[in-house]
Amino acid sequence: MDWNLILFVSKWATIGVFYSVLLFLLFGVYREMTGSMRKVKTANTITYGRLYVRNAGDDKHIRVGAIFDLKTETRLGADTDNDVVLRDSYVSGHHAVLRWDGVTWWVEDLRSRNGTMVNDQPCEPGLPQPLANGSVLTLGEMEFVLIDQDAE
């Protein structure tokens, strides 16, 4: 048995194992850091307000208690090009639009078939109407509650 050969091979095997463990640890740290960066980016996403579903009407795809995040302009309706697609049989293709002007939420009925109501009061088609935090928005048989961005 040649001890020099055994020592030579064991030395290089130890070095190989050491570098393999080091690369494995570096890869783990890299994955953890890139995952944390993605979480930070999604945590800083701006939400201007939310719609809480109080009554889902006959839309089987939306549950009571669901919450929709709103953008500065959010279109609601049955057509798939809307920001919030509602499949209630009384909701028009392009039913209403919600707008945030930095201070107040506004709802505008887009001349829908069955109208839009705020706190059981009909909206004039084509005329924006202000919405306060906690207002009940009715489209067809669906009811939503506006939740302000700072509300819990």
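Just above, that's the structure.
For every chain, the first residue of the written sequence is number 1, and numbering continues from 1 along that sequence. Reporting of local features is limited, given that this is a predicted model, to residues whose pLDDT is at least 70; pairs of side-chain atoms are given and counted only at 80 or more, and all residues count toward the totals for whole chains, interfaces and linings. Side-chain measures were taken over the full set of non-hydrogen atoms in the model, leaving aside hydrogen atoms and water.

Bringing the overall build of the protein into the picture now. Helix numbering and strand numbering both begin at the N terminus, where a helix is a DSSP run of H or I of at least 4 residues and a strand a DSSP run of E of at least 2. If you tally the helices and strands in the protein, you get one helix and 11 strands. The linear arrangement of helices and strands in the protein, starting from the amino end, is α-β-β-β-β-β-β-β-β-β-β-β. When burial is assessed residue by residue, the protein has 28% of its 152 residues classed as buried. For the protein, restricting intrachain contacts to residue pairs at least 6 apart in sequence, the fraction spanning at least 24 positions comes to 40%. Residue-level accessible areas treat just the shown protein chains as cover; the underlying method is Shrake-Rupley with a 1.4 Å probe. Here the protein displays about 10200 Å² of accessible surface, and carbon together with sulfur accounts for 59% of that area. Note on classification: 1.4 Å probe, protein chains only; a residue is buried when its accessible area is under 20% of the maximum for its type, exposed when over 50%, partly exposed between these limits. Between two residues, a contact is recorded if the distance between any of their heavy atoms is within 4.5 Å.

With that out of the way, let us pick up the sheet that holds strand S7 (residues 116-118). Pairing in this open sheet of six strands is antiparallel, and the strands run S2-S1-S11-S10-S7-S8 from one edge to the other. Both outer strands of the open sheet, strand S2 (67-70) and strand S8 (121-122), are each paired with one neighbouring strand and no more. Alignment of strand S10 (residues 136-139) against strand S11 (residues 142-148), held across four bridges, turns out to be antiparallel. In the sheet register, leucine 139 faces S11, and the bridge partner there is methionine 142. DSSP bridges decide pairing: two strands pair if at least two such bridges lie between them.

Let us look at the pairing of strand S3 (residues 73-77). As paired elements, S3 and strand S5 (residues 96-100) share four bridges and run antiparallel to each other. Its bridge partner lying in S5, arginine 75 is registered against valine 97. Alignment of S3 against strand S4 (residues 84-85), held across two bridges, turns out to be parallel. Bridge pairing links leucine 76 to valine 84 in S4.

This part covers the sheet that holds strand S6 (residues 105-109). If you trace the five strands from one edge of the open sheet to the other, you get S4-S3-S5-S6-S9, paired in mixed fashion. Whereas interior strands pair on both sides, the edge strands pair on one side only; in this sheet they are S4 and strand S9 (129-131).

Nonpolar side chains collect at one region of the surface, where Leu5, Phe8, Val9, Trp12, Ile15, Phe18, Tyr19, Leu22, Leu23 and Leu26 lie side by side and expose about 1000 Å² of accessible area between them. If you trace the backbone, isoleucine 15 turns up in helix H1 (residues 3-43). Only residues whose relative accessible area exceeds 30% and that form no salt bridge enter a patch; like-charged residues are grouped when within 9 Å of one another, and nonpolar side chains (Val, Leu, Ile, Met, Phe, Trp, Tyr) when within 5 Å. Salt-bridge detection follows one rule: a side-chain nitrogen of Lys or Arg within 4 Å of a carboxyl oxygen of Asp or Glu.

A positive phi angle, close to 55 degrees, is found at arginine 111, a residue other than glycine. The backbone phi angle of aspartate 120 is positive, close to 65 degrees, even though this residue is not glycine. When you line up the elements, aspartate 120 lands in the loop between S7 and S8. Aspartate 120 gets classed as exposed once you look at its relative accessible area, which sits at 57%.

So, about the pattern of salt bridges. Within this structure, the stated rule accounts for six salt bridges. With a closest N to O distance of 3.1 Å, glutamate 143 and arginine 54 form a salt bridge. Placement of the pair is glutamate 143 in strand S11 and arginine 54 in strand S1 (residues 49-56), with a sequence separation of 89 residues. A salt bridge links glutamate 108 to arginine 99; its shortest N-O distance comes to 2.8 Å.

Bringing the environment of valine 145 into the picture now. Relative to the helices and strands, valine 145 is located in strand S11. According to the relative accessible area criterion, valine 145 is buried, its value standing at 16%. Excluding anything up to four places from it in sequence, valine 145 contacts Arg50, Leu51, Tyr52, Arg54, Gly134, Ser135 and Val136.

Looking now at the nonpolar core. Leu51, Leu76, Leu86, Leu98, Val107, Leu137 and Phe144 are the most contacted members of the largest nonpolar core, which totals 23 residues. Only S1, S5, S6, S10 and S11 provide two or more residues apiece to this core. Contacts of valine 107, omitting those with residues within four sequence positions, involve Ala96, Val97, Leu98, Thr116, Val118, Cys123, Leu127, Pro128, Gln129, Leu131 and Leu137. Throughout this description, the term nonpolar core refers to a set of buried Ala, Val, Leu, Ile, Met, Phe, Trp, Tyr and Cys residues connected via side-chain atoms within 4.5 Å.

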